[in-house]
Amino acid sequence: MTDRRADSGAAADPADPRPLVLVAVGTDHHPFTRLIDWADTYAAERPEVRVLVQHGATPAPGTAEGVGLIDRDRLGAAMRAAAAVVTHGGPATISEARAAGRLPIAVARDPELGEHVDDHQLRFVARLDSARMVRSCSSYQQFAATVDKALAQPADFRVAEEPGEGPEAVALRAGRLIDLLIRDTRADRPLPAAPPPGAPDTPEWPDVTVVVPTRDRPDLLRRTLRHIAGQDYPGTVRTLVVYDQEEPDPALARTGGSRPVGVLRNTGRPGLAGARNTGVLAAGTELVAFCDDDDTWLPGKLRAQVEVMRAEPETELVCCGIRVVYGHAEAERVLDRTCVEFGDLLRSRLTELHPSTFLLRRSALVEGAGGVNEEIPGSYAEDYELLLRLARRGPIRNVPAAHVRVLWHARSHFGGRWQTISTALRWLLAAYPEFRLVPRGFARVAGQIAFAEAAAGRRAAALEWAVAALRAHPGETRAYLAAAVTCGLPPGVVLRALHRRGRGL
């Protein structure tokens, strides 16, 4: 590189009347020489255009006379001055370009060309292009033609400027990009109003099937069944108790009346996922609810949720708040919103959306998104994966009130199964590459993996994942807890402290 090609840092050069094309490859450590070569070639072929390149960790452009360089700190000003902005497929740079009032021309890194480890940029840019939030290019010819069009028709490559600067504002806009891809007009609608007190019940209350997977918890199970039977719900509630890896107890079966109980054996893969799918497939009703065998429903739970389903035939899943019981402590966890979207769930697990609160449409599972995933190692986080999958199809509804008591205790499934937890969460990150587009969400899951590895005694793996979490989000508490566990802090001490506050890892 010579001094001739180094940019002075001014976004617009009054002495150079040529239109400016800005090319930004971000700060990703993955090389993107293809885009840099395209910029170099475009500048060589069009000397009447000035090309400015922010190349990050990728080697700088080679020979073209019209190419200048700019560092990341001056990128925002350059975007506002540019006639056309070209970006890589990362959400932060795309968001920054849109915030500067430019419709980005986006080129995604391609894993088949060795430009990335997976195809999350390709998938993300394709969805943005479909939503007309970027113009995507996959060949040099398409790239050159699109940049030419941006210079000839600048109005077609302008968007309304978004306020706010700095990394936090850019990160928020990046998260909103994901939300906008699946945003639905239902997101701002309040829940349907409940009928006034004293109003007569109508005959329209649909039957509901409750799927209760169980294994070696006969006393807790009977308590759960009593609370289901005690629902203040006018319709029929049929409970299916699905025994997982043990023989069913026929004495629990009840026929007739409005609260029948059936018992059956898990015919799917052993574990929670297979047991839930067995119940869903055996259900004869459109509405299906989940309840774990150690949790209990409060009387108004089902009625409040079915009211939403009756008023909104397009809604596929309704949740509600919970009361977490741990020893003598009880903490209420209620989400103060009525709609949850895909981007929300990437950023946070939202523990309030517990599987024992789920009320679903059976058709959404059997004919739509698919059943509970039985491929997740140990069925860990299968409920979270189902939330993500359904949220991709449309917003999840939530009743902002605690209607379920969730019992956390020493016999909870997954207690101490650290290697299973780590393996399952790594599976989740691979299955949903969108996590890498939301740094805070990726850091959360990476921090959980780090803690699980530390608790399993795998120090090297724990520190590796802790570093990954902190690189994505330096404030990720789980990474620091994982480091403390590798230094000798018992993981049980951390979990007990969290559970007493109604929180998990």
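Bear in mind the structure is a predicted one, so any value in this text is a computation, not a measurement. (Residues numbered from 1 in each chain as written. Predicted model: local features only at pLDDT ≥ 70, side-chain atom pairs only at ≥ 80, totals over all residues. Heavy atoms only, no water.)

Attention shifts here to the packing of helix α13 (residues 418-431) against helix α14 (residues 439-455). Their axes nearest at 8 Å, the elements α13 and α14 cross at an angle of 155°. The orientation of α13 with respect to α14, classified from their angle, is roughly antiparallel. Where α13 crosses over α14, the handedness of that crossing is left-handed. Contacts between α13 and α14 pair Trp-418, Gln-419, Ile-421, Ser-422, Leu-425, Arg-426 and Leu-429 from the former with Phe-442, Val-445, Gln-448, Ile-449, Phe-451, Ala-452, Glu-453 and Ala-455 from the latter. (Axes fitted to C-alpha atoms, helices over the stretch in contact; angles between N-to-C directions. Helix = DSSP H or I, 4+ residues; strand = E, 2+ residues; numbered from the N terminus. Parallel < 35°, antiparallel > 145°, perpendicular 65-115°, else oblique. Left-handed = near helix turned anticlockwise from the far one by under 90°. Contact = heavy atoms within 4.5 Å.)

Next up on the list: the pairing of strand β1 (residues 20-24). β1 sits mainly inside the fold: 5 of its 5 residues count as buried. Here β1 shows a buried face lined by Leu-20, Leu-22 and Ala-24 and a second buried face lined by Val-21 and Val-23. In this structure, β1 lies alongside strand β2 (residues 50-54), joined through 5 bridges in parallel fashion. By the bridge assignment, Val-23 is partnered in β2 with Val-53. (Buried < 20%, exposed > 50% of the residue type's maximum accessible area, 1.4 Å probe, protein only. Pairing = 2+ DSSP bridges.)

Formed by 60 residues in total, the largest nonpolar core has its most connected members in Phe-290, Leu-345, Leu-388 and Phe-435. Dropping the residues within four chain positions of it, Phe-290 is found in contact with Val-211, Arg-276, Val-280, Trp-297, Pro-355, Ser-356, Thr-357, Phe-358, Leu-360, Leu-365, Val-372 and Leu-386. Within the second largest apolar cluster, 32 residues are counted, among which are Tyr-233, Leu-252, Cys-291 and Val-324. (Core = buried A, V, L, I, M, F, W, Y, C linked by side-chain atoms within 4.5 Å.)

Turning to the packing of helix α1 (residues 33-45) against helix α5 (residues 140-152), a few remarks are in order. Helix-helix packing is described using two parameters, namely the angle between the two axes and the distance between the axes. The N-to-C vectors of α1 and α5 enclose an angle of 55°; their axes lie 11 Å apart at closest approach. Considering the angle they form, α1 stands oblique to α5. For the pair α1 and α5, the crossing hand works out as right-handed. On α5, the residues that touch Leu-35, Trp-38, Ala-39, Thr-41, Tyr-42 and Glu-45 of α1 are Tyr-140, Phe-143, Ala-144, Val-147, Asp-148 and Leu-151. Of the residues belonging to the contact of α1 with α5, the class tally is 9 nonpolar, 1 polar and 2 charged. (Nonpolar A, V, L, I, M, F, W, Y, C, P; charged D, E, K, R; others polar.)

Side-chain pairing between opposite charges can occur once the charged atoms of the two side chains come close. Summed over all chains, the structure comprises 23 salt bridges. Note that Glu-45 is salt-bridged to Arg-46, the shortest N-O span being 3.2 Å. For Glu-45, a relative accessible area of 46% translates into the label partly exposed. Since its relative accessible area comes to 16%, Arg-46 is described here as buried. With a shortest N-O distance of 3.6 Å, Arg-269 and Glu-375 are connected by a salt bridge. Here the residue Arg-269 occupies a position in the loop between β9 (261-265) and α8 (272-282), and Glu-375 occupies one in the loop between α11 (362-368) and α12 (382-393), the gap between them amounting to 106 residues. For Arg-269, a relative accessible area of 41% gives the class partly exposed. The structure contains a network of salt bridges with shared partners spanning Glu-45, Arg-46 and Asp-148. (Salt bridge = Lys/Arg side-chain N within 4 Å of Asp/Glu carboxyl O.)

The next subject is the environment of Val-372. Following the sequence through the fold, Val-372 ends up in the loop between α11 and α12. Overall, Val-372 belongs to the buried group, its relative accessible area being 4%. C-alpha of Val-372 to C-alpha of Ala-273: the two residues are 99 residues apart in sequence and 5.4 Å apart in space. Setting aside anything within four residues of it in sequence, one finds Val-372 in contact with Ala-273, Arg-276, Asn-277, Phe-290, Glu-382, Leu-386 and Arg-389.

Right, let's get into the packing of aromatic side chains. As enumerated under the stated definition, the model contains 8 aromatic pairs in all. Ring centres 6.4 Å apart and planes at 65° place the aromatic pair Trp-38 and Tyr-140 in the edge-to-face group. Separated by 102 residues along the polypeptide, Trp-38 in helix α1 and Tyr-140 in helix α5 bring together distant segments of the chain. Its relative accessible area of 15% is what places Tyr-140 among the buried residues. Residues Tyr-140 and Phe-143 carry aromatic rings whose centres are separated by 6.0 Å and whose planes lie at 35° to one another, so their mutual orientation is tilted. Of this pair, Tyr-140 and Phe-143 are both found in helix α5, 3 residues apart, which corresponds to roughly one turn of the helix. Across the pair, Phe-143 and Tyr-140 agree in class, each one buried. For the cation-ring pair, Arg-135 lies above Phe-157, with the distance from its terminal atom to the ring centre recorded as 4.7 Å. When the ring centre of Trp-297 is taken as reference, the NZ or CZ atom of Lys-301 above it lies at 3.9 Å. (Phe/Tyr/Trp six-rings, centres within 6.5 Å; stacked < 30°, edge-to-face > 60°. Lys NZ or Arg CZ within 6 Å of the ring centre and 35° of its normal.)

A few words now on α12. Over its 12 residues, α12 runs 17 Å from end to end, which matches the ideal 16 Å to within 8%, given 1.5 Å per residue. For α12, the tally of buried residues reaches 10 of 12 residues, placing the bulk of the element in the interior. For α12, the complete set of buried residues consists of Glu-382, Asp-383, Tyr-384, Glu-385, Leu-386, Leu-387, Leu-388, Arg-389, Leu-390 and Ala-391. (Expected span 1.5 Å × (residues − 1).)

This next bit is on the environment of Leu-20. Turning to its location among the elements, Leu-20 is positioned in strand β1. Through-space distance from the C-alpha of Leu-20 to that of Leu-52 is 7.1 Å; in sequence the pair is 32 residues apart.

Turning next to the confidence of the model for the protein chain. Of the residues in the protein chain, 84% reach a pLDDT of 70 or more, and the chain-wide mean stands at 85. Counting interchain partners and residues more than four positions distant, the pLDDT-below-50 stretch residues 1-10 has 15 contacts. Confidence over residues 182-188 falls short of pLDDT 50; this stretch has 14 contacts with residues more than four positions distant or in other chains. (pLDDT = per-residue confidence, 0-100.)

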